[in-house]
Each structure stands twice: as C-alpha cells, then as structure tokens.
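# Summary of structural features
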Amino acid sequence: MKTFLIIIFNLFILTAFSQTGSVKGKVINKISNEPVPFATVIITGTNIVSTSDLEGNFIITGIKPGYIKLKVSYIGYKNKVTEDILVSNNVPYVEIELEENQQILEEVIIREDPFEKNEESIVSMQSIGIKEIESNPGSNRDISRVIQSFPGVGSTPAFRNDVIIRGGGPSENRFFLDGIEIPVLNHFSTQGASGGPVGILNADFIRKVNFYSSSFPADKYNALSGVLDFKLKDGSKDKTNYQFTLGASETAITLDGPTGKKTSYIFSVRRSYLQFLFSALKLPFLPTYNDYQLKVKTNINKKNTFTLISLGSLDNNSINTGIKNPDESQEYILTQIPVNNQWSYTIGGVYKHFMKNGSQTFVLSRNMLNNQLYKYIDNDETKAKSLDYLSTEAENKFRYELTFRKSNIKYRFSSNLEYADYTNQTSQQVFTEDTLINFKYNTDLNILKYGLSAQASERFLKNRLLVSMGIRIDGNNYNDYTSNAFNQSSPRVSASYTLTQTTALNAAAGRYFQQAAYTTLGFSDITGQQVNAGSAKYIGLNQYNLGVEQKFTKKILLSLEGFYKDYFQYPVDLITGSSLANQGAGYAVAGASPVEFTGKGKAVGFEILNRWNLNTFKLLASYTFVRSLFTDINGDYIPSSWDSKHLLTVTGTKELPKNWRIGFKWRFVGGLPYTPYDLETSANVQAWNATGQAYPDYSKLNSLRFKPFHQLDLRIDKNFFFDKWALMLYLDIQNAYNFKNTGQDYIVREKNTDGTYKTINNGTEFILKSIPNRSGTILPSIGIMIKF
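Notes on the structure in this doc start here. It should be emphasised that the depicted structure is a prediction, and the values quoted were computed from it without experimental measurement.

Let us look at unusual backbone geometry. At Arg141, a residue that is not glycine, the phi angle is positive and equals roughly 65°. Its location among the elements puts Arg141 in the loop between α2 (130-135) and α3 (143-146). Judged by its relative accessible area of 8%, Arg141 falls in the buried class. A positive phi angle, close to 50°, is found at Asn702, a residue other than glycine. Residue classification places Asn702 among the buried positions, given a relative accessible area of 8%.

Take a look at the structure:
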C-alpha cells in the first residue's frame, strides 16, 4: 500500500505535463441513417460547441480529459444527450442518433434529460452508462453486480452473479449484445440458469446497458423477469489504441482501431490469475478462466451497415487436493465440489438496411456451451465416480426486424427461427427411497423454435399520453402443445401519461412466456426416453405494473412503482416436490429432473428509486419490498429461495478535482429462506458418497430463514492523462466494516485419529457433526488500466 501511494504521488506531479483530448463523431437520423448537417453539439456543463458538417461529421478538440456527455440539437429533431464518453489520449468516435420530433417547434431549447426513455420501453427500464459501470464500488467492472444497485434486483452473500429480479429466479433472464443473444453471461455458468462467480463481458466494450425489469418490448423474447440489452462501443476511426488492465482477478489487453475507411474493430482477451492466489492461500478449489471478445463494424454506405460480434470463454475449476490436513471447512468444500471444465462461444452478424422511414435488420448467429462435471468419491481416483456429466447446448438463430414510422405511429415487427441441439451423457449415483441407483442416460435432443412479434407506439392528447401495444407468439416442435404458437400468445400494453412537465403516471400489463431449460426438456430415463416430453409447456407469466415518477429538476428523479407477477405452468420437481423456481444458485446444473408443469407462483411488491445525475455527483438509492412464493407438488404456496422481502441499496460517487473520484455502495438484503438438512438420510454411507454432502429435508422446504445481510463497499479512482498515454488506478474495498454473514451450517463427517471416518451400525452410517458457517472479510483490491 505504501508503494502504491508513492507511485500515485509521483504520477500526480507528472500530470502537470498532461494534454487535452478530442472527440469525433457523426450525427445521423435514427430512422433513415441519413446524416444530419448543421446540428449543434455541446459538451454538457461547458461552453464548448461544435457543428456537424454536410455529412453529419463533427470534431471537438481542446477537451479536458475525463468523462463527458454531449448534447445535440437540430430543428425538427428531439434533443439528444449521449451516454458518458471517456476522453483520454485516444480519440473516441461516437454516432449520435437523432429522432425526428413529431411536434411543431416554436423554438429550439437544448435540454438535458438523463432519464430519457424510448417509446417501446415506457415502464421498468433503466439505462446504465459506462461511467456507472466503471466506478460502481464493489463490482469490479462486472455488470451483473452493477445492476444490484437498481430497484428490484436481489443479491446473495455467496459472491455469485445470479441475476435475481423482482422475486424471479436466475433462469428467467435474457441477454443481448448489439442485437445478438448471448445465453452465457458468466464464467463457470450454472447450466439451466444464468449465474456464476465472474462475468464474461469485458467492460472495455460497453457503451451503455438498457436494463428491463419488466414490460419488455415484443421483440425481446424467452424471458420472464429481466432483459439486459448491451450496446457496444465502436472502434477508433483514427488509429490503433491499446489498453492493458490488471483487475481484481484477471489481466486483459484490449485493442481497437480502423481496418480501412469504412471498418473499425475492437478486440480483447482476458485471463484470470486466481488459481495462483487460491493455491497460495490453500483454498480448496482452483479456478482458471479465459475469454475473448470481438466487434467489427463496417459502414458499407449510408444505407447499409454490417456488424460482426463474437465472444467466448474457456474455464477450468480443479480441486486443490494438495492441501495437507485440511480443516473442517476446507474438507466440506473438498468433499462436495466437482471438477468443472466448461467452454462457450457466440458468433453472429447483424446486417442493417436503412430506408426513408425505417430500417430492416437481419441477424444470424450461433452459440454453443460445453459443460463437463465429474466427481470421485472423496476425490480418490481409485474409487468410482459419483458423477460423470458431459453436456452441450448449440443454437443456430435467425431473426428479421422491420421498423418504420407512418402517420406518427412507430411500428416494429420481428420474426425468428432457431434450431437447437442439446446432448447429455450422464452417469450419476442417486440415492432415493433408501436405495442407491447408478443412474445413466444419453440424450440427443433437436428442437426447432419459431416466433413472431408486432408492436406499435403512438402519442395522444397533445403528446401527453404515450401508448405502446405489442403481441408475440412463440412455439417449438418439442411436443404437440408447444408446437401450437397460439398457446404461447403474449399480448402486452404500456402507457405513460404526463400530468405536468415534471410528473408522469406509468402503467403496464402483459403476458410473457419462456421455454423450459434444455436440461429439463432433455432429461431422460435409462432407456433414453425424454420423461418430460408428454407434459412440457412454456412457463407463463402475467405481470402488472403501476407507478408514478417525479422529476424535481432535470437531473433528480424520484419514482414509485408497484408490481404483481402471476406465474403459471411452472415445472415442479417430482422427486423433491419443490418448484424449479428455487434452483439456479448452485455451481452444477439446474432443472435436470422429472417434472410436471402444474406449478404456480406469485411475486408482489413495490420499488422506490431516487436517482441524481448531477455534473460531479451521482446518487442511486433504491428500496424494494418483495414477496416471492411458488407452489410445491401439493399446490401449497411456499416462500421461494429469492423471498428476501427487503432490498435496500444506496450508491454514490463524487467527482473531485484533478481526476479523483470516490464512491460508496451500501446494500441490505433481507434474510433468504433455506431448507434444513435431513440428517438421517445424510448419515447413510451410500447416500453421502453419492453427493459428498448433506441432503435437504424437502418436507420442510424453505421453512427457515437466514439473518439479513448487509455490506459497505468503497472505491477510490485516480486518472492520469498524458500526451500519448493514460493511466487509471482504483482501490476497491469490499465489506469495509467486515460484516460476518451466518450461513447454513456445514455438515461434515467425524474422523478417527488415523484419518478414517467414524461409522456406526456395522459401517452403514457416518457420524456427522455441524460446523458453524461464518463468512465475510474485508477484501481490498487494486486495479490498473493503461491506455496508449
């Protein structure tokens, strides 16, 4: 730490020689892609002004390095405020889309509205800029953790990236990257869900994120709780830039630049170093992850663009069997965690053709996940494997979108066609009904999926009322019921009525459907027959929202929104009797079991959001009350694993002189329900060897509740800008006041003096004991980013 502070002091002196920066861009018509000449471009909070030329191009020089926003205006168009743009030694390039104003303007007034919404996303959508992602305390530039600052988003003390929105499980979300769906958002992803310990996306690529917690546009499909729509940066048009990053858990290098007059690229690779740190600390597992990300964009001409997107990951989680004389908590992890080898990739192209009043978009992509898990009993490779699992998921997707405006109505139509291949080879020891079964099955499942959507948006009552209506239908050829797309018809409507210039009422209602996980659809018996084929349906949700928002100034927003989520056709596990809505937070596989699609659920609550977007100070304070309950096999409503009741988060950042920035984030999460152990079954030697851990007592599903969890994270940033390079440093401190969380006790086996395990009843039962599970420590980390 002393060395770190000395380096900062010396660099602080050197910044006396730092230079100013520049930004380039183009102002275009959002619908037709035609350039907008003579538009006024201003850096917010300054008097620095530029004007676009006949081709819509502009350049602003002499800018003080750091984050800026641009305000753009032109007669006949709505004023536009960009997301944050980082100006340093490179010259960022930004395309600014202006939307034609259907009103007759008497005068041009440049107004800044950081809370602007688009017409298809009136309710429950938040836009998150790169500055918020980069500076969010405790998140280490990981978007899955950044969104935990927003209303309705739950979190757990397990240091995972499960996206839990308004009481829904982590399997109920979808993610899009410049229009291409990415099914895997995290390293060591939980198959059948979306969570994992570390995000796969490199923040260097992100321009902004549109986060939907309900009321998705009709072209966003196969989601129940949330959609994250990522918008990526374009590469530099001038020269090749390099960025080296040393983060809390990985190193990365990012390159961007031109490959010609019409094409730019941005590319990165990352590799973790956690395996070395964990080995030195004698932790029971040794994770290694790698990833790459690529974007190439070509402006073919004024009417046509093509974008190539690709990302992939390669992960390995091995067991640290080299620990001598492990303590009881280490032994607990060693006995139950499997070896996990996983890789994934997504690659796709987006071709966009612009017309006079609209555009056509063609999207073709492929993604694949390969997931391997295996476990030897007591990690002894001379013994049998209790688990040997290998599965793949591959999807080939085509989507067409048509957007145009006619008679003041904005129309959006889409269609999609997908072909999926799911394979699974499972050999697993299963203890059920007092019997140990060697369960084996192979699956090769092929599914053809299809969907259509339409949406129209218009303003009424002198533009005071904005209404958006949509409908979509989805189907697949899995069985007769799912093949009828009208069984999955999902209408939706949202509206916003402006009471005054600062007050609006918002409301929405809609029905949404999501296909069950491949792990559920492909689950088979020992003969290879898919046991859920006869009963499978799409999971359904009716959701209703009502809220009010008040803008005290142009930059301070207060909103209140209530929600009610009514689930139906949710799969219920026939073995445990619990809803699959409770799964998804583990490190193995979710949904692989025989089920019936008769479950119901409800999540009800309200959210309060206070958001300040001042020039040098940002505050995001949110409170959510939520109850989440799902039916068991008997039809009784049981609190779900995400029934936290209370979520409170306060996040603030303050800009200081000379490129310093400080921030904090405080989270409070109400105690989550959990299921006690069935110690009688767990003590059985065969039962224990099958899983390496204690068994839950599902007759008492989620009958107990943890104490609340809370944590304070702090962050300090310092940026140094020089003539040809820039250095950005941060110090992040998670759990600053060292909160100790109490989890469910570890259950381990007692040992004899010679290291063997104690047994009773002629060696058929282990002697078990409970070990208190207390976690939480102050976790400081340093990040270094060098741009040149």
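Back to the text.
Scanning the model with the defined rule gives 12 cavities of 30 Å³ or more in all. As for the largest cavity, its lining consists of 42 residues, and the residues nearest its centre are Arg174, Gly192, Ala193, Glu393 and Ala517. Secondary-structure elements contributing two or more residues to the lining of the largest cavity are β13 (173-177), β24 (339-354), β25 (358-376), β26 (385-406), α7 (518-521) and β33 (556-573). Tallied by class, residues from the lining of the largest cavity come to 19 nonpolar, 16 polar and seven charged.

Attention shifts here to the pairing of strand β32 (residues 539-553). In this sheet, β32 lies alongside strand β31 (residues 503-514) in antiparallel orientation, the contact comprising 12 bridges. The residue bridging Gly510 from the neighbouring strand is Gln543, located in β32. Two strands pair when backbone bridges link them, and β32 and β33 are joined in this way by 13 bridges, in the antiparallel orientation. Note on β33: the bridge partner recorded for Gln550 is Leu558. Between β32 and β33, which pair antiparallel one after the other, the connecting turn spans two residues.

Moving on, we come to the packing of aromatic side chains. Overall, the coordinates contain 31 aromatic pairs when judged by the stated rule. Members of the aromatic cluster, joined through ring pairs, are Tyr351, Phe362 and Tyr400. Across the ring face of Phe766, the terminal group of Arg749 is positioned such that the distance to the ring centre comes to 5.0 Å.

Once that is clear, we can look at the nonpolar core. With 39 residues, the main nonpolar core has Ile133 and Phe230 as its most contacted residues. Elements supplying a minimum of two residues to this core: α2, α3, β13, β17 (206-212), β18 (226-232), β23 (304-319) and β44 (726-734). Setting aside anything within four residues of it in sequence, one finds Ile133 in contact with Ile128, Arg141, Ile143, Val146, Ala203, Ile206 and Val209. Counting 18 residues, the second-largest nonpolar core is a separate cluster that includes Val36, Val87, Val94 and Leu98.

Reading the values: rules and limits
Residues numbered from 1 in each chain as written. Predicted model: local features only at pLDDT ≥ 70, side-chain atom pairs only at ≥ 80, totals over all residues. Heavy atoms only, no water. Helix = DSSP H or I, 4+ residues; strand = E, 2+ residues; numbered from the N terminus. Buried < 20%, exposed > 50% of the residue type's maximum accessible area, 1.4 Å probe, protein only. 1 Å grid on protein atoms, 1.4 Å probe; cavity = no way out; pocket = protein on both sides within 12 Å on 5 of 7 lines; lining within 4 Å. Points joined across faces, edges and corners; volume = space filled by probe spheres on them. Nonpolar A, V, L, I, M, F, W, Y, C, P; charged D, E, K, R; others polar. Pairing = 2+ DSSP bridges. Phe/Tyr/Trp six-rings, centres within 6.5 Å; stacked < 30°, edge-to-face > 60°. Lys NZ or Arg CZ within 6 Å of the ring centre and 35° of its normal. Core = buried A, V, L, I, M, F, W, Y, C linked by side-chain atoms within 4.5 Å. Contact = heavy atoms within 4.5 Å.

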